[in-house]
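Residues per chain are reported as follows:
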Amino acid sequence: MALVAIRWALYVDLGLLFGLPLFALYALGGGRTGRRHLPMVAPLIGLAVLGLILSSLGFLFQGAAMAGVPFTQPDMSILGDLLDETALGLALKIRMLALLFVLFGAALLSRLPRGATLGVTVAGAVALATLAWSGHGAAGEGNAGWLQLAADLLHLFAAGAWVGAIAAFLILTLPTIATDDMERAMLAECALRGFASVGTLIVGLLILTGAINGAFLVGPDHVLTLAQSTYGLLLIAKLLLFAAMVGLAGLNRFRLTPALNFAIAQQDAAAAMVLLRKSLLVEGCLAVVILGLVAWLGTLSPPMSV
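Quick notes on the rules
Residues numbered from 1 in each chain as written. Predicted model: local features only at pLDDT ≥ 70, side-chain atom pairs only at ≥ 80, totals over all residues. Heavy atoms only, no water. Helix = DSSP H or I, 4+ residues; strand = E, 2+ residues; numbered from the N terminus. Buried < 20%, exposed > 50% of the residue type's maximum accessible area, 1.4 Å probe, protein only. Contact = heavy atoms within 4.5 Å. Core = buried A, V, L, I, M, F, W, Y, C linked by side-chain atoms within 4.5 Å. pLDDT = per-residue confidence, 0-100. Axes fitted to C-alpha atoms, helices over the stretch in contact; angles between N-to-C directions. Parallel < 35°, antiparallel > 145°, perpendicular 65-115°, else oblique. Left-handed = near helix turned anticlockwise from the far one by under 90°. Nonpolar A, V, L, I, M, F, W, Y, C, P; charged D, E, K, R; others polar. Patch = residues over 30% accessible without salt bridge, like charges linked within 9 Å, V, L, I, M, F, W, Y side chains within 5 Å. Areas by Shrake-Rupley, 256 points an atom, 1.4 Å probe, with all protein chains shown as cover. Salt bridge = Lys/Arg side-chain N within 4 Å of Asp/Glu carboxyl O. Phe/Tyr/Trp six-rings, centres within 6.5 Å; stacked < 30°, edge-to-face > 60°. Lys, Arg positive; Asp, Glu negative; His and termini not counted.

## Here's the deal with the overall build of the protein
Right, so step 1: Of regular secondary structure, the protein possesses ten helices and zero strands.
Right, so step 2: Each helix and strand of the protein, placed in order from N terminus to C terminus, yields the pattern α-α-α-α-α-α-α-α-α-α.
Right, so step 3: Looking at the protein as a whole, 47% of its 306 residues are labelled buried.
Right, so step 4: Put simply, 77% of the contacts in the protein that link residues at least 6 apart link residues at least 24 apart.

## Quick word on the nonpolar core
Right, so step 1: Counting 80 residues, the largest nonpolar core has Leu-14, Phe-23, Trp-162, Phe-169 and Leu-260 as its most contacted members.
Right, so step 2: With 14 residues, the top contributor of residues to this core is helix 7 (residues 142-173).
Right, so step 3: Those residues in contact with Trp-162 that sit more than four places away from it in its chain are Ile-202, Val-203, Leu-206, Phe-242, Met-245, Val-246, Ala-249 and Glu-283.
Right, so step 4: Core analysis: the second largest hydrophobic core is formed by eight residues, Leu-217, Val-218, Tyr-231 and Leu-293 among them.

## Considerations on the environment of Ile-236
Right, so step 1: Counting through the fold element by element, Ile-236 comes out in helix 9 (residues 230-265).
Right, so step 2: Expressed as a C-alpha distance, the spacing of Ile-236 and Leu-226, which sit ten residues apart in the sequence, is 7.8 Å.
Right, so step 3: With residues near it in sequence (within four places) discarded, Ile-236 still touches Leu-226 and Ala-227.

## A few points about the confidence of the model for the protein
Right, so step 1: Mean pLDDT over the protein: 85, with 90% of residues reaching 70 or higher.
Right, so step 2: Summarising per-element confidence for the protein, the mean pLDDT is lowest in helix 2 (residues 32-37) (45) and highest in helix 6 (residues 113-129) (94).
Right, so step 3: Counted against residues more than four places away or in other chains, residues 31-36, with its pLDDT under 50, gives 14 contacts.

## Some remarks on the packing of helix 1 (residues 2-27) against helix 7
Right, so step 1: Running from N to C, helix 1 and helix 7 point in directions that differ by 70 degrees, and their axes come no closer than 6 Å. In terms of orientation, helix 1 and helix 7 fall into the roughly perpendicular class. In this structure, the crossing between helix 1 and helix 7 has a hand that is right-handed. On helix 7, the residues that touch Tyr-11, Gly-15, Leu-16, Phe-18, Gly-19, Leu-20, Leu-22, Phe-23 and Tyr-26 of helix 1 are Leu-156, Phe-157, Gly-160, Ala-161, Val-163, Gly-164, Ala-165, Ala-167, Ala-168, Phe-169, Ile-171 and Leu-172.
Right, so step 2: Tallied by class, the residues present in the contact of helix 1 with helix 7 amount to 17 nonpolar, four polar and no charged.

## Examining a nonpolar patch on the surface
Right, so step 1: A cluster of nonpolar side chains, contributed by Val-41, Ile-45, Val-49, Ile-53 and Leu-57, occupies part of the molecular surface with about 340 Å² of accessible area.
Right, so step 2: Assignment of secondary structure puts Ile-45 in helix 3 (residues 41-67).
Right, so step 3: In this structure Ile-45 comes out as partly exposed when scored by relative accessible area, which is 33%.

## As for the packing of aromatic side chains
Right, so step 1: One pass over the full model with this rule turns up seven aromatic pairs.
Right, so step 2: Here the aromatic rings of Trp-162 and Phe-242 are separated by 6.0 Å at their centres, their planes lie at 80 degrees, and the arrangement is edge-to-face. Residue Trp-162 is found in helix 7, and its partner Phe-242 is found in helix 9; the two are separated by 80 residues along the sequence.
Right, so step 3: Among the aromatic residues, those joined into a cluster by ring pairs are Phe-23, Tyr-26, Phe-169 and Phe-195.

## Considerations on the packing of helix 4 (residues 76-85) against helix 5 (residues 87-107)
Right, so step 1: Axis separation between helix 4 and helix 5 bottoms out at 5 Å; the angle between their running directions is 75 degrees. When the axes of helix 4 and helix 5 are compared, the pair comes out roughly perpendicular. Facing helix 4, whose interface residues are Leu-82, Leu-83 and Asp-84, helix 5 presents Gly-89, Leu-90, Leu-92 and Lys-93.
Right, so step 2: Tallied by class, residues from the contact of helix 4 with helix 5 come to four nonpolar, one polar and two charged.

## Overview of the side chain of Arg-95
Right, so step 1: With respect to the secondary-structure elements, Arg-95 resides in helix 5.
Right, so step 2: Buried and unpaired, Arg-95 has Asp-13 as its nearest opposite-charge partner, separated by 8.6 Å.

## Digging into the pattern of salt bridges
Right, so step 1: This model, assessed by the stated rule, comprises one salt bridge.
Right, so step 2: Of the charged contacts, one joins Asp-84 and Lys-93 as a salt bridge, the two residues approaching to 3.3 Å between their closest N and O atoms.

Here's what the structure looks like:
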């Protein structure tokens, strides 16, 4: 279970590391507005450092599990072979370099907001992409294997973009809004409108790539028997929680965002921001639980492999 917990933390950490700066690019003026209103330097540095620690621990735990030895007594020869001769080791090296680049880019955000935000976003995408090599996405072969890997990567990017957007909106909505100071409320409402089309794209990508991954990992012959296995029950739970997230996202877009716009026009955004904040908190909690299920699913054998 320790390995599952580390995988869970990495999904959340690297998803945020990619999604937060991406949000600043498309929803907050390419980094300039994001630098002023969405403080990212400290969060990005913290996420990158945590990613380095979690990645090292995950590699040690995985190596210990393969060698059948306690985590406190690692087999250095096996760890060396894993690091130098496997795709998992290569992915770890690439992730570490990407995380170091994030640290470098975060230090430049105040001087080169747009360029540094773009660079950090790319580095975050690379770090997040390496998680595909520790799951089922890299298990395929031939052209079908490449399709499965591509779908898994797109699924990771879409999930990271959604998690990052939720975190960014929470940052924008957490401060108390005074009726005589509408700047942050107006920024949140503008960002929500800017996220509308991107959010639709994210949901579409998650559904499409999820269906592709399901075809490879579950297959049509096993759909009706999903509830008979731990993998199937976890997958069903994930789908139900995803449906709840989509419902909340629709509520935010079609009810709470127009309500916030109306409240701003009335110079009284406090109540509307409270409702939006509560919805975002629930949506964020659902996202974290879903990522935990994904981390667990990655350690189980899917129906198609049995």
